[in-house]
Amino acid sequence: MKQWFAAGLLVLAVGYTLYGLSSLTLLTASGRPAAGFFPLMVGLLLIVLCSINLWGDVREWWSERPSSSAPATGGTVSALGVDLPAGEAGTGYSRDALIVFLYISGFVAIMNIAGALLAMIVFMLAFLFTFNRTQVIGNMIYSLVLPGFLYGLFRLLLNASLPTGPLGF
Amino acid sequence: MLADIVSNLSLGLSIAASPQGFLFLVIGAFLGMVVGLFPGFGPAAGIAVLIPMTFGLEPTIAIIMLAGIYYGSMYGGTITSILINTPGESATVASTIDGYPLAKKGRAGPALVMQAIASFIGGTIGVILITALAPSLADFAASFGPSEYFLIIAVGLLMLTTLMGDNKFKGLISALIGFAIGTVGVDVMSGQQRFTFGSPELIGGVYFVAVAIGLFGIGELLHCIFTGQHRQPAKRLRIGFRDKEFWPSKQDYYESRFTFWRGSAIGFVAGVLPGSGATLGSIIGYSVEKKIAKDPEKFGKGEMRGLVAPEAANNAASAGAMVPLISLGIPGSGATAVLLGAFLMWGLQPGPLLIVNDPGFVWGLIASMYLGNMILIAMSIFAIPLFVRFLDIPYVNVVPVIVLLCVIGAFAINASIIETWILVVSGAIGFAMKKYGYSPAATVLALVLGSMAEETFLQTYIISQGTMSLFWERPVSLILSIILLMILLVPVALAVIKRGRRDDETSQGQTP
């Protein structure tokens, strides 16, 4: 995945530079640097460094590729004191991280429709009943108390503007 | 000069010691210790996430609270280093080397007390040096032109990426990403819109708070989940300060009497240098202490000096990092970059003129750091049983608190759903950056300093009529240019020499 992330950065760097070149003025009529000058410098440097970086990551990936004839080996990796089976080395709890990211995205997506308070409660319920299933009552209370406290803090005490849903909160 | 300092500090104390100032200082210090306790959630993330909670406060009080979170996290981060061998944040990594072995020997209590004393001495010496140096540096910096400012930013970013990162290329790319994000919005010099794609919400640029909360808050959180922290059971630890074994022995104090000062001096210098900061300060502090010790073999096996040195150093460094921030307006780390962003959010422009234009703010902040260190040493010793109880909370219950604070906080700043989505995207990018060895701190630093870097670079270009001669014609610029070249070239030269030696050894080995 590392090389894909590096490749993505290179694509973005090329896109940034090309879009800057096509939409921005590089020099004024008097020959002074204009709005596109600095972005062009940044973009070109990014392209050079991202290319070298991608080359390094691809070479690393290539040299670390397991050969098809090599037997599977056992072992563990340590991640903050947690021993993972060798098969999960490098992937860690990627599925959990992806689920949390999707929950966060869902939370933001429904916030404007359902209102901040309801969205917070839904997020908490979804998260806790995915990762902490044994504590049913505790999860329910926590999912109501924490969003209620934070809503009160931001809305009433700090007078911050939060999205309101059809129920008015 | 001393009379000036005394009168300025009295002004600062009248603000920091006011009922409101003191209350929010205590809250900030407490939150800082809690932030420090949770591994993977450092001061930068803590400040970024809690910025929205300072809405409705006076700017000075808000910054006093946020600064309290910043240096409070240095105290809190060591508790987990000592008790569970897991540093709360990178600046306390060196403290685990001897801190945890001390706990394993049954000396957790003395280790916690000595780290609190070391942190207090380091922090207080750091603040005394800020008091003495910040006004002088601000006076000196008043003569700086655009070339000096651009070079300081470049040196800071290069030092951050070359000294702290695992991979220099990735560090530099991270910084350039920050500059690229910083170019979104209206160009300050020509007024032309850049990379806004016609969106009115992007005309003002990408708001740094959403990016910082995303990179540091959500990104760190996803990384902690990736490493399985949410699957670990809570640590059940109990420590009581009434126990006789809780307090350090006379020998502990005697052996560490010079270590406190050495660590503080090293840490402060590391903190003042842009880009190095508390992590490097604590590592150098530990290494120097081990190097000059008559019994270096004891280090790593539960030696009190091995804990005191990095602790004094990281707290002095966190204070030292405030010097360039206040006097030049240039932060040297991710956490101080977020603090700078908070300054700007409150309409305060750090730099040489800040001390002249807003002495109440600057001296209020400095005075609050004296008080903050006193509050923190009391908290660190007498509230240790309470903070240890925080470790009872399973991480799975901490995750929703962080997510809700991040999302609601990012939205509440400008009531903008686009900024909230920027937070989500930055969170995913922050996770990938952390996982693949990039530097989110460099990105935030470059984003915060992007417009200043562009403006000063273009001014230098225009004044020197495209020759950039200002970089070597002015004495301070020349020195900074030489430092910049050394940062770039020395690692390359060392790598070439190393490779040459390796080749020589290989060819000698092959010769029959």
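Owing to the predicted nature of the structure, the values given are computational and were not obtained by experimental measurement.

## Comments concerning the overall build of chain B
Moving on, step 1. When helices and strands are counted, chain B shows 23 helices and 2 strands.
Moving on, step 2. For 512 residues, the compact-globule estimate of 2.2 N^0.38 gives 24 Å, and the C-alpha radius of gyration of chain B, at 23 Å, lies within 12% of that figure.
Moving on, step 3. Based on the C-alpha atoms only, the size of chain B along its principal axes is roughly 80 × 70 × 55 Å.
Moving on, step 4. Residues classed as buried in chain B amount to 63% of the 512 residues present.
Moving on, step 5. Restricting the contact set of chain B to residue pairs at least 6 apart, pairs at least 24 apart contribute 79%.
Moving on, step 6. In chain B, 29 positive and 28 negative side-chain charges are present, and the distance between their average locations comes to 13 Å.

## Section: the overall build of chain A
Moving on, step 1. Each helix and strand in chain A was counted, giving 5 helices and 2 strands.
Moving on, step 2. In chain A, which comprises 169 residues, the proportion classed as buried is 39%.
Moving on, step 3. At a minimum sequence separation of 6, the contacts of chain A that also span at least 24 residues come to 46%.

## Considering the interface of chain B and chain A
Moving on, step 1. Tallying the contact residues gives 62 residues for chain B and 64 residues for chain A.
Moving on, step 2. Summed over both sides, the interface of chain B with chain A buries roughly 5700 Å², with 81% coming from carbon and sulfur.
Moving on, step 3. On the chain B side of the interface with chain A, the three residues burying the most area are Phe-195, Leu-404 and Ile-408 of chain B, jointly 12% of the side's total.
Moving on, step 4. At the boundary of chain B with chain A, the tally comes to 2 salt bridges.

## Remarks on helix H21 (residues 440-463) of chain B
Each α-helix turn comprises 3.6 residues. Residues three or four places apart therefore point the same way.
All names here are of chain B.
Moving on, step 1. Between its first and last C-alpha atoms H21 spans 33 Å; for 24 residues at 1.5 Å apiece the expected length is 34 Å, and the two agree.
Moving on, step 2. The sharpest bend along H21 reaches about 55° and sits at Leu-449.
Moving on, step 3. Buried residues dominate H21, accounting for 17 of its 24 residues.
Moving on, step 4. At the exit of H21 stands Gln-465, carrying a positive phi of roughly 55°.

## Quick word on a nonpolar patch on the surface
All names here are of chain B.
Moving on, step 1. Nonpolar side chains collect at one region of the surface, where Trp-472, Leu-478, Ile-482, Met-486, Val-490, Leu-494 and Ile-497 lie side by side and expose about 680 Å² of accessible area between them.
Moving on, step 2. Considering every element that reaches the nonpolar patch, the biggest residue donor is helix H23 (residues 475-510), with 6 residues.
Moving on, step 3. Its place among the elements puts Met-486 in helix H23.
Moving on, step 4. The class of Met-486 is partly exposed, set by a relative accessible area of 49%.

## A look at unusual backbone geometry
Residues and elements named next belong to chain B.
Moving on, step 1. We note that Phe-195 has phi near 50°; this positive angle belongs to a residue other than glycine.
Moving on, step 2. Note that Phe-195 resides in the loop between strand S2 (193-194) and helix H9 (208-226).
Moving on, step 3. Given the relative accessible area of 7%, Phe-195 is considered buried.
Moving on, step 4. Phi at Gln-465 is positive, roughly 55°, even though this residue is not glycine.
Moving on, step 5. Inspection of the secondary structure assignment puts Gln-465 in the loop between H21 and helix H22 (470-473).

## Examining the domain arrangement of chain A
Moving on, step 1. The domain boundaries assigned to chain A delineate domain 1 (2-65) and domain 2 (94-157).
Moving on, step 2. Measuring from the centre of the C-alpha atoms in domain 1 of chain A to the corresponding centre in domain 2 of chain A gives 38 Å.

## Overview of the packing of aromatic side chains
Moving on, step 1. One pass over the full model with this rule turns up 20 aromatic pairs over all chains.
Moving on, step 2. Ring geometry for Phe-38 of chain A and Phe-179 of chain B: centres 5.9 Å apart, planes at 80°, overall edge-to-face. Residue Phe-38 of chain A is located in helix H2 (residues 37-64), and its partner Phe-179 of chain B is located in helix H8 (residues 168-182); the two belong to separate chains.
Moving on, step 3. Centroid distance Tyr-286 of chain B to Phe-299 of chain B: 5.9 Å. Interplanar angle 75°. Geometry classified as edge-to-face.

## Thoughts on helix H5 (residues 136-157) of chain A
Moving on, step 1. In this model, H5 of chain A (22 residues) spans 31 Å end to end at C-alpha, consistent with the 32 Å of a helix rising 1.5 Å per residue.
Moving on, step 2. Looking at H5 of chain A, one finds that the buried residues are Asn-139, Ser-143, Leu-146, Pro-147, Leu-150, Tyr-151, Gly-152, Leu-153 and Phe-154 of chain A.
Moving on, step 3. Against helix H4 (116-131) of chain A together with helix H19 (395-414) of chain B lie the buried residues of H5 of chain A.
Moving on, step 4. Looking one or two residues beyond H5 of chain A, the residue adopting positive phi is Asn-159 of chain A, at roughly 55°.

## Describing the packing of helix H1 (residues 2-16) of chain B against helix H17 (residues 359-382) of chain B
Residues and elements named next belong to chain B.
Moving on, step 1. Contact geometry of H1 with H17 gives a least axis separation of 7 Å together with a crossing angle of 75°. If you check the angle between H1 and H17, you find them roughly perpendicular. In this structure, H1 uses Asn-8, Leu-9, Leu-11, Gly-12, Leu-13, Ile-15 and Ala-16 to contact H17, whose residues at the interface are Pro-359, Gly-360, Trp-363, Gly-364, Ile-366, Ala-367, Ser-368, Tyr-370 and Leu-371.
Moving on, step 2. Its residues placed into classes, the contact of H1 with H17 shows 11 nonpolar, 5 polar and no charged.

## Quick notes on the confidence of the model for chain A
For any part of a model where pLDDT is low, the fine detail of the predicted coordinates should not be relied upon.
Moving on, step 1. On average, residues of chain A score 83 in pLDDT, and 85% of them reach the 70 mark or higher.
Moving on, step 2. Predicted confidence for residues 68-89 of chain A stays below pLDDT 50, and this span has 23 contacts to residues more than four positions away or in other chains.

## Thoughts on the pattern of salt bridges
Residue and element names in this part refer to chain B.
Moving on, step 1. Inspection of the entire model under this criterion finds 12 salt bridges over all chains.
Moving on, step 2. Across the pair Glu-303 and Arg-305 runs a salt bridge, and its minimum N-O distance is 2.9 Å.
Moving on, step 3. Given a relative accessible area of 6%, Glu-303 falls into the buried group.
Moving on, step 4. A relative accessible area of 11% places Arg-305 in the buried class.
Moving on, step 5. One network of salt bridges, in which partners are shared, links Asp-295, Lys-298, Glu-303 and Arg-305.

## Focus: the packing of helix H3 (residues 43-50) of chain B against H9 of chain B
Residue and element names in this part refer to chain B.
Moving on, step 1. Relative orientation of the contacting elements H3 and H9 amounts to 135°, with a least axis distance of 8 Å. The orientation of H3 with respect to H9, classified from their angle, is oblique. Between H3 and H9 lies a crossing of left-handed hand. Touching Ala-44, Ala-45, Ala-48 and Val-49 of H3 are Val-209, Ala-212, Ile-213, Phe-216 and Gly-217, all from H9.
Moving on, step 2. Split by residue class, the contact of H3 with H9 holds 8 nonpolar, 1 polar and no charged.

## Let's talk about the nonpolar core
Taken as a class, soluble globular proteins show a tendency for nonpolar side chains to be buried jointly.
Moving on, step 1. Core analysis: the biggest nonpolar cluster contains 207 residues, and Phe-107 and Phe-154 of chain A together with Met-322 and Val-338 of chain B have the highest contact counts within it.
Moving on, step 2. When sequence neighbours within four positions are dropped, the list of residues in contact with Phe-154 of chain A reads Asn-159, Ala-160 and Leu-162 of chain A together with Pro-52, Met-53, Leu-405, Ile-408, Gly-409 and Ala-412 of chain B.

## Overview of the side chain of Thr-96 of chain B
Moving on, step 1. Mapped onto the elements of the fold, Thr-96 of chain B is located in helix H5 (residues 93-104).
Moving on, step 2. Residue contacts for Thr-96 of chain B: discarding those within four places in its chain leaves Ser-81, Asn-85, Pro-87 and Pro-101 of chain B.

Cut-offs used in this document
- Residues numbered from 1 in each chain as written.
- Chains lettered and ligands numbered in written order.
- Predicted model: local features only at pLDDT ≥ 70, side-chain atom pairs only at ≥ 80, totals over all residues.
- Heavy atoms only, no water.
- Helix = DSSP H or I, 4+ residues; strand = E, 2+ residues; numbered from the N terminus.
- Rg over C-alpha atoms; globule rule 2.2 N^0.38 Å.
- Buried < 20%, exposed > 50% of the residue type's maximum accessible area, 1.4 Å probe, protein only.
- Contact = heavy atoms within 4.5 Å.
- Lys, Arg positive; Asp, Glu negative; His and termini not counted.
- Charge placed at Lys NZ, Arg CZ, Asp CG, Glu CD.
- Buried area = accessible area lost by both parts, 1.4 Å probe.
- Salt bridge = Lys/Arg side-chain N within 4 Å of Asp/Glu carboxyl O.
- Expected span 1.5 Å × (residues − 1).
- Bend = angle between axes of the 7 residues up to and from the residue.
- Patch = residues over 30% accessible without salt bridge, like charges linked within 9 Å, V, L, I, M, F, W, Y side chains within 5 Å.
- Areas by Shrake-Rupley, 256 points an atom, 1.4 Å probe, with all protein chains shown as cover.
- Domains from an automatic or database assignment.
- Phe/Tyr/Trp six-rings, centres within 6.5 Å; stacked < 30°, edge-to-face > 60°.
- Axes fitted to C-alpha atoms, helices over the stretch in contact; angles between N-to-C directions.
- Parallel < 35°, antiparallel > 145°, perpendicular 65-115°, else oblique.
- Nonpolar A, V, L, I, M, F, W, Y, C, P; charged D, E, K, R; others polar.
- pLDDT = per-residue confidence, 0-100.
- Left-handed = near helix turned anticlockwise from the far one by under 90°.
- Core = buried A, V, L, I, M, F, W, Y, C linked by side-chain atoms within 4.5 Å.

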